[in-house]
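Listed here are the chains, written in short residue letters.
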Amino acid sequence: MKKPDNHILVIFGASGDLTFRKLIPAVYDLHKQELLPEKFAVVGASRTDLSDEKFREKMKDGIKKFANYKEDNEQVVNDFLKKISYISVDTEKKEDFQKLKNHLLKLDNDLGTDGNVIYYLSTPPSLYGVIPCLLGEAGLNNNENGSWKKLIVEKPFGYDLESALELNKKLSKYFKEDQIYRIDHYLGKETVQNILVTRFSNGVFEPLWNRNYVHHVEITSVENIGIENRGGYYDSSGALRDMVQNHLLQLTGLISMEPPSSFDSNAIRNEIVKVFQSFRPFNGRDIQKYSIRGQYTSTTIKGEKVPGYREEKGVEKESRTESYVAMKLFIDNWRWGGVPFYIRTGKRMPTKVTEVVIHFKRTPHFLFSNQNQVNSCNQLILRIQPDEGVLLKVGMKVPGQGFNIQNVNLDFHYSDLSNAYLPTAYERLLHDCMIGDSTLYQRADAVEAAWKFVDPILKAWKNDHNIPVYGYPAGTWGPEKADEMIEGKNMTWRYPCKNLEGDGIYCEL
Ligand SMILES: NC(=O)c1ccc[n+]([C@@H]2O[C@H](COP(=O)([O-])OP(=O)(O)OC[C@H]3O[C@@H](n4cnc5c(N)ncnc54)[C@H](OP(=O)(O)O)[C@@H]3O)[C@@H](O)[C@H]2O)c1
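Residues numbered from 1 in each chain as written. Predicted model: local features only at pLDDT ≥ 70, side-chain atom pairs only at ≥ 80, totals over all residues. Heavy atoms only, no water.

**So, helix α1 (residues 17-32)**
Compared with an ideal rise of 1.5 Å per residue, which puts 16 residues at 22 Å, α1 spans 22 Å between its outermost C-alpha atoms and is within 8% of the ideal. At Leu23, α1 is deflected by roughly 30°, the largest bend along its length, and proline Pro25 occurs up to four residues later in sequence. Among all positions in α1, only Leu18, Thr19, Phe20, Leu23, Ile24, Pro25, Ala26, Val27, Tyr28, Asp29 and Leu30 are buried. (Helix = DSSP H or I, 4+ residues; strand = E, 2+ residues; numbered from the N terminus. Expected span 1.5 Å × (residues − 1). Bend = angle between axes of the 7 residues up to and from the residue. Buried < 20%, exposed > 50% of the residue type's maximum accessible area, 1.4 Å probe, protein only.)

**Re empty space enclosed by the protein**
Going through the model one piece at a time under the given rule, you end up with two cavities of 30 Å³ or more. Of the voids in this model, the largest cavity is the one considered here, and its volume is about 100 Å³. Where the lining of the largest cavity is concerned, the elements lending two or more residues are α9 (239-256) and α10 (265-278). Looking at the lining of the largest cavity, the element that brings in the most residues is α10, giving three residues. A class-by-class count of the residues in the lining of the largest cavity yields eight nonpolar, three polar and two charged. Taken as a whole, the second largest cavity holds about 50 Å³ of empty space. The wall of the second largest cavity is formed by Thr191, Asn194, Ile195, Thr198, Leu382, Arg383, Ile384, Gly389, Val390 and Tyr414. Looking at the lining of the second largest cavity, the elements with two or more residues in it are α7 (190-200), β14 (379-385) and β15 (389-397). The greatest single-element share of the lining of the second largest cavity, amounting to four residues, is contributed by α7. Looking at the lining of the second largest cavity residue by residue, the classes come out as five nonpolar, four polar and one charged. (1 Å grid on protein atoms, 1.4 Å probe; cavity = no way out; pocket = protein on both sides within 12 Å on 5 of 7 lines; lining within 4 Å. Points joined across faces, edges and corners; volume = space filled by probe spheres on them. Nonpolar A, V, L, I, M, F, W, Y, C, P; charged D, E, K, R; others polar.)

**Describing the site of the ligand**
Near the ligand lie 23 residues; those nearest to it are Ser15, Leu18, Arg47, Thr48 and Tyr128. Thr48 has a polar side-chain atom sitting 2.3 Å from an oxygen atom of the ligand. In this structure, Lys155 approaches the ligand through a main-chain N or O atom, which is 3.3 Å from an oxygen atom. When the ligand sits alone it has 890 Å² of accessible area, and the protein chains cover 76% of it. Counting residues per element, the shell around the ligand draws most heavily on α1, at three residues. A breakdown of the residues in the shell around the ligand according to their chemical character gives nine nonpolar, eight polar and six charged. (Near = heavy atom within 4 Å. Polar contact = N/O pair within 3.5 Å; in protein donor to acceptor, adjacent residues only side chain to side chain. Areas by Shrake-Rupley, 256 points an atom, 1.4 Å probe, with all protein chains shown as cover.)

**Focus on the pairing of strand β1 (residues 7-12)**
Counting buried positions along β1 yields six of six residues, so the element is predominantly enclosed. In terms of strand pairing, β1 meets strand β2 (residues 40-46) through six bridges, oriented parallel. Considered in β2, the bridge of Ile8 is made with Ala41. Following the backbone out of β1, through α1 and into the adjacent parallel β2, one traces a crossover that is right-handed. With five bridges joining them, β1 and strand β4 (residues 117-121) adopt parallel strand pairing. The residue bridging Leu9 from the neighbouring strand is Ile118, located in β4. (Pairing = 2+ DSSP bridges. Right-handed = clockwise from strand over helix to strand, strands pointing away.)

What is shown is where atoms sit, not what they do.
The following block contains the structure:
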């Protein structure tokens, strides 16, 4: 594993939830694996007035709860915490950035971090355009005398196409595109990366991976929980912004991209952008036909009353924000012309699962008695979470008289690699940024292309109240209307369970 250059990691939003639960535990795990540089420091920055000691105490708690190496003894964690300091910074006060500059200069002098800095923006999104400008104005942005400065930006990247363009413009005022790392933690998941490996390290799939052999592709990312305590945020966002524009379109890109010319970050990202640019735009009536939005309604599950979306705290009583989206989209290029991609995401579904299913076409001629049934079920399932793995459903002869066929599973579970260390998504992505590998980060053009595709749907949903918001009882697989989208004899959405092999409409309830 490549060791990063010496540097300082500055986290804006250090008193927040993400720093506590994900970022510092991830940095600690990197430290434990000796993947941090010899000369390294973390600076936490947010408005709250905290001493170094208080901040370290809080971070220790985060490590103890959320790090992969959470069982470590106190002394080992305390040694790591010496690398962390805290500084109070308010974006309303320009002078705070001068204070930050002095703090960084002192640390750099004391430690010898060679002037290299990563700034991590983990603040409310409204500050993503503000902080880079303040850094620029304080002269904290430039790669100078062989040193580098990088900027990691958390999601969301904009609220719609216009705000995404505006944000990219602000970011690019003081930082060059190769200094900017837009993080989508989905891409940091091992199993998402395994899509690339499955596709491009196995000669057997590529000949089938196209319109000649694939009937349709299904991408599902659902949760059994509701919106929890995030009502205020969620109601102004919705599933299309929260999940589809970023995670599900990224998954679609990885599944459908052309083989890149090399494993270089730009070569890969070029291919993903081409997919996004090939999405058939939704116009007028297409929006209602090819996109379904829904909201969960209250119901009783196992004797317990579950509130509907509009009854959740922070949600408007008449809200039309979607907690569920299903879409049918087309990629207009030579590989995928005419192949529907069905994607869906939702809250309060029967289980929590993310997976991709490649449904292959039937054999051209039926030979066996129950061929109908078997042919419709030839599927390759790439399971992102949980029970991560790969499963191929094939028809096999049932032993005995005649030629009866049954579907069987050829499967691989990640858990079978029992001694493999699985880094968290943030660990993987932070390390990638430290070593300058942006492959799994989003480029400006990809973000803009994804928004360009989604924007007409957002606008129509907002402005046209004739487009229905379908209800679905909490704990079910979404509005019935979404079932009508899937075309083909005996074709339905797959109803996945917690375990990769399982399926069935009510399996987790
Ligand atoms: N939490 C997650 O799991 C998660 C996952 C994916 C993406 N994200 C994104 O990551 C970002 C951070 O999420 P979070 O959950 O950590 O949010 P959070 O708990 O609300 O934390 C926000 C942080 O920003 C600081 N802040 C707010 N206004 C500031 C200002 N004017 N100047 C300086 N600092 C300011 C806050 O601290 P002070 O009040 O002390 O200033 C706090 O440390 C969000 O944009 C979110 O969308 C979060």
